[in-house]
Amino acid sequence: MRALYWDGHDLSFNSVYPAPVSTIASATSALQTTALVKVHLAGICSTDLQILKGYMGFLGVPGHEFVGSVDEGPEELIGKRVVGEINFGCGECESCRRDLSRHCPNRRVMGILDADGAFADYVSVPLANLHVVPDHITDEEAVFTEPLAAAFEMLTQVQFNPGDDVLVLGDGKLGNLCAQVLRLTGAKVTAMGKHADKLALLKQAGLRTLELSDWRPRLFDVVVEATGAAAGLELALSAVRPRGTLILKSTLAGNHQVSLAPIVINEINVIGSRCGLFGAALDALEAKQISVTPLIEKIYPLSNGVDALDHAAKRGAKKILLRPS
Ligand SMILES: [Zn+2]
Ligand SMILES: [Zn+2]
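No experiment lies behind these values; they were computed from the predicted model shown.

**Q** I keep staring at helix α4 (residues 145-157) and nothing clicks. Help me out?
**A** The periodicity of an α-helix, 3.6 residues per turn, causes residues three or four places apart in sequence to face the same way. Over its 13 residues, α4 extends 19 Å from the first C-alpha to the last, a length consistent with the 18 Å expected when each residue adds 1.5 Å. Of all the 13 residues making up α4, 10 are buried; the element is thus mostly covered by neighbouring parts of the structure. Inspection of α4 places T145, E146, P147, L148, A149, A150, A151, F152, E153 and M154 among the buried residues, and these make up the whole buried set.

Right, dumping it as structure tokens:
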């Protein structure tokens, strides 16, 4: 099959990469049993760009945001459109038994850790991770399920109440999805960022927006840091009211200096937030509660995937997708 391959130094397009096989016959559980999914669309996210800088020491086919259809697998799934949760748990440890396979210490992660990903014609996914996509969600919408689920994760961690004053810092893809999800709770959400065009997208989606240059210090019940930059952290911390909550959504690689004193003095709850379950995200897409397609900047054929990743790395780029077929 065709795939983009990262060898630790270069990303290249390989037209004869060995295709994965489904393991229906030999496996004993849904975790070991994998389906072979033909990729329709795959999304490039900032984690992929970090992988190309050495993040996680990953080697192989990157890509963890995808929608496709089952090519090989159980009879009832053949031809069905699916998306897949990206953490492949061991199924046996404490975390997996508590339905937290995304924290399994022995997990593999699609396109990130010990498992080939979706920048390819086909990707292999454990049956336990698959979700069938309802008919009236388009491929262009469904490919956002994974990052949208990460935004919904916040709602499982923090109680939001109607009228809560919430600030989302960052107008990129992650900040956009977080702001839209939080608005569903009835909270008063302000999205702040640096880019007029991206703030305009948020405004179109019905959010109140603020340009960073117009920022006047004030305090919020909850502040979400989704800028992807260390500088956002300091501003975020300064905007949380005493006993309020700071949610960290950006995975900032590397070490950063930040004074912890304000957290203690103001008794701030700091919550780290990463991957979420897909159910809530699919429900919201089906109900057309979240607008995702305006975030798409360009769709590249897989064969131009190297250019696509270059494009995605440009400052201010919106979502870049790959279409294998
Ligand atoms: Zn991602
Ligand atoms: Zn486990």
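**Q** It is not clear to me how the sheet that holds strand β8 (residues 114-115) should be interpreted in this structure. Could you clarify?
**A** Backbone-to-backbone hydrogen bonds pair the strands of a sheet. The strands run either parallel or antiparallel. One open sheet accounts for 3 strands, arranged β6-β7-β8; its pairing is mixed. Looking at strand neighbours, the two that pair on one side only are β6 (87-88) and β8, the edges of this open sheet. Where strand β7 (residues 108-110) lies against β8, 2 bridges are found, and the strand directions are parallel. Looking at the pairing, M110 lines up with A115 of β8.

**Q** What is the right way to look at the pattern of salt bridges in this model?
**A** Side chains that differ in sign of charge can pair as their charged atoms come close. Tallied over the entire structure, the rule returns 9 salt bridges. For the salt bridge of R2 with D121, the shortest nitrogen-to-oxygen distance reads 3.0 Å. In this pair, R2 sits in the segment before β1 (3-6) while D121 sits in the loop between β8 and β9 (122-126), placing the two residues 119 residues apart along the sequence. Exposure remark for R2: the relative accessible area of 24% places this residue in the partly exposed category. K288 is the partner of E141 in a salt bridge, and the nearest nitrogen-oxygen pair spans 3.0 Å. Within this pair, whereas E141 is found in helix α3 (residues 139-142), its partner K288 is found in the loop between α9 (278-286) and β17 (296-301), the two being separated by 147 residues in sequence. Assessed through its relative accessible area of 15%, E141 is described here as buried.

**Q** What exactly am I supposed to notice about the coordination of the zinc ion (ligand 2) here?
**A** The zinc ion (ligand 2) binds to the protein through C90 (SG), C93 (SG), C96 (SG) and C104 (SG); the donor distances cover 2.3 to 2.4 Å. The coordination sphere of the zinc ion (ligand 2) comprises 4 donor atoms, whose angles at the metal cover 105 to 118 degrees; the geometry is tetrahedral. Positions of the donor residues of the zinc ion (ligand 2) along the chain correspond to the pattern C-x2-C-x2-C-x7-C. Of the residues examined, C90 reaches a relative accessible area of 28% and is grouped as partly exposed. In this structure C96 comes out as buried when scored by relative accessible area, which is 14%.

Parameters at a glance
- Residues numbered from 1 in each chain as written.
- Chains lettered and ligands numbered in written order.
- Predicted model: local features only at pLDDT ≥ 70, side-chain atom pairs only at ≥ 80, totals over all residues.
- Heavy atoms only, no water.
- Helix = DSSP H or I, 4+ residues; strand = E, 2+ residues; numbered from the N terminus.
- Expected span 1.5 Å × (residues − 1).
- Buried < 20%, exposed > 50% of the residue type's maximum accessible area, 1.4 Å probe, protein only.
- Pairing = 2+ DSSP bridges.
- Salt bridge = Lys/Arg side-chain N within 4 Å of Asp/Glu carboxyl O.
- Donors = N, O, S within 2.8 Å, 3.2 Å for Na, K, Ca; no water.
- Tetrahedral: all angles 85-135°; square planar, octahedral: opposite > 155°, others 65-115°.

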